[in-house]
Amino acid sequence: MAILPIRTFGDPVLRMNTALVTDIDDGVRKLVADMIETMYDAPGVGLAATQIGVSRRVCVFDANDGNGAQVLINGRIVETDGELVYDEGCLSVPGYWWEITRPEFARARGLDLEGNEVEYSGTGLMGRVLQHELDHLDGTLLIERLEPAVRKQALRELRNQALGLVDLGE
Ligand SMILES: [Zn+2]
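The shown structure was predicted, so the numbers you read here are calculated from the model rather than taken from an experiment.

The rules behind each value
- Residues numbered from 1 in each chain as written.
- Predicted model: local features only at pLDDT ≥ 70, side-chain atom pairs only at ≥ 80, totals over all residues.
- Heavy atoms only, no water.
- Helix = DSSP H or I, 4+ residues; strand = E, 2+ residues; numbered from the N terminus.
- Rg over C-alpha atoms; globule rule 2.2 N^0.38 Å.
- Buried < 20%, exposed > 50% of the residue type's maximum accessible area, 1.4 Å probe, protein only.
- Contact = heavy atoms within 4.5 Å.
- Donors = N, O, S within 2.8 Å, 3.2 Å for Na, K, Ca; no water.
- Pairing = 2+ DSSP bridges.
- Salt bridge = Lys/Arg side-chain N within 4 Å of Asp/Glu carboxyl O.
- Disulfide = S-S within 2.5 Å.

Caption draft 1: Representation of the overall build of the chain. Check the secondary structure of the chain and you find three helices and seven strands. Walking the chain from its N terminus toward its C terminus, one meets helices and strands in the order α-β-β-β-β-β-β-β-α-α. In summary, the chain has a C-alpha radius of gyration of 16 Å against a globular reference of 15 Å for 170 residues, a match within 12%. Counting only C-alpha atoms and orienting by the principal axes, one finds that the chain spans roughly 55 × 35 × 25 Å. A buried classification covers 44% of the 170 residues belonging to the chain. Taking contacts inside the chain between residues at least 6 apart in sequence as the whole, the part at least 24 apart equals 64%.

Caption draft 2: Molecular detail of the environment of Leu134. Summarising the element assignment, Leu134 is placed in helix α2 (residues 124–137). Counting along the chain gives 76 residues from Leu134 to Val58, while the straight-line C-alpha distance between them is 8.7 Å.

Caption draft 3: Focus on the coordination of the zinc ion. Around the zinc ion, the donor atoms from the protein are Cys90 (SG), His132 (NE2) and His136 (NE2), and they sit 2.0 to 2.3 Å away. All donors of the zinc ion come from a single chain, and their spacing in sequence reads C-x41-H-x3-H. In this pair, Cys90 is assigned in the loop between β4 (84–89) and β5 (97–102) and His132 in helix α2, connecting sequence segments 42 residues apart. Here Cys90 matches His132 in class, with each residue buried.

Caption draft 4: Molecular detail of the pairing of strand β3 (residues 70–81). Taken together, the four bridges between strand β2 (residues 58–61) and β3 define a ladder with antiparallel strand orientation. Bridging across to β3, Val60 finds its partner in Val71. As judged from the six bridges shared by β3 and strand β6 (residues 105–111), these two strands associate in the antiparallel manner. When the sheet's bridge partners are listed, Ile77 is paired in β6 with Ala108.

Caption draft 5: Here's a closer look at unusual backbone geometry. Between Ala42 and Pro43 the backbone carries a cis peptide bond, its omega angle lying at -10°. In this structure, Asn64 takes a positive phi of about 60° despite not being glycine. Take Asn64: it is sitting in the loop between β2 and β3. Judged by its relative accessible area of 69%, Asn64 is exposed.

Caption draft 6: Representation of the environment of Asp41 in the model. On the secondary structure map, Asp41 appears in helix α1 (residues 26–41). For the pair Asp41 and Leu91, spaced 50 residues apart in the sequence, the C-alpha separation amounts to 11 Å.

Caption draft 7: Local environment of the pattern of salt bridges. Here the structure, examined in full by the defined rule, presents twelve salt bridges. Connected via shared salt-bridge partners are Glu88, Arg102, Arg128, Asp135 and Arg145.

Caption draft 8: View of the state of the cysteines. The tally for this structure, following the rule as stated, stands at zero disulfides. In this model Cys59 remains outside any disulfide bridge; the closest cysteine sulfur is found in Cys90, 13 Å from its own. The class for Cys59 is buried, based on a relative accessible area of 1%.

Written out as structure tokens, the structure reads:
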């Protein structure tokens, strides 16, 4: 297993749509093992393959429910309900937290490492992490979930940070 560098805002791989996994082979098993180790090392509650530069539909998460690290291959959200404002951050946008509104409940389906159909669902952290990680696999960062005015300011700060500039405001 290996701890891999996490790609951050501005890296084009984070904007890519991902390819479905057609064969759960040794390469996929190694990818998942590395992703779990990288997630815990960060530390984070979830990690999508794009965050380590791999454009495949794989994510791992630990929703702090006592079940440890879970794997979702070819995952997709199949049901959402309600609405919840939640303080949300991302390992690919380090140092930033925003209040983000998303559905409170989410249900996701996909495959486990053995290729069996699996389903995860919940509110709170589980609902949040499923939506956040599957967003990543569609090339969507949490910034896109912000209100337009907040998003504009956030993007300005992030671009300035990437360029090494200080934001003096307007
Ligand atoms: Zn993230």
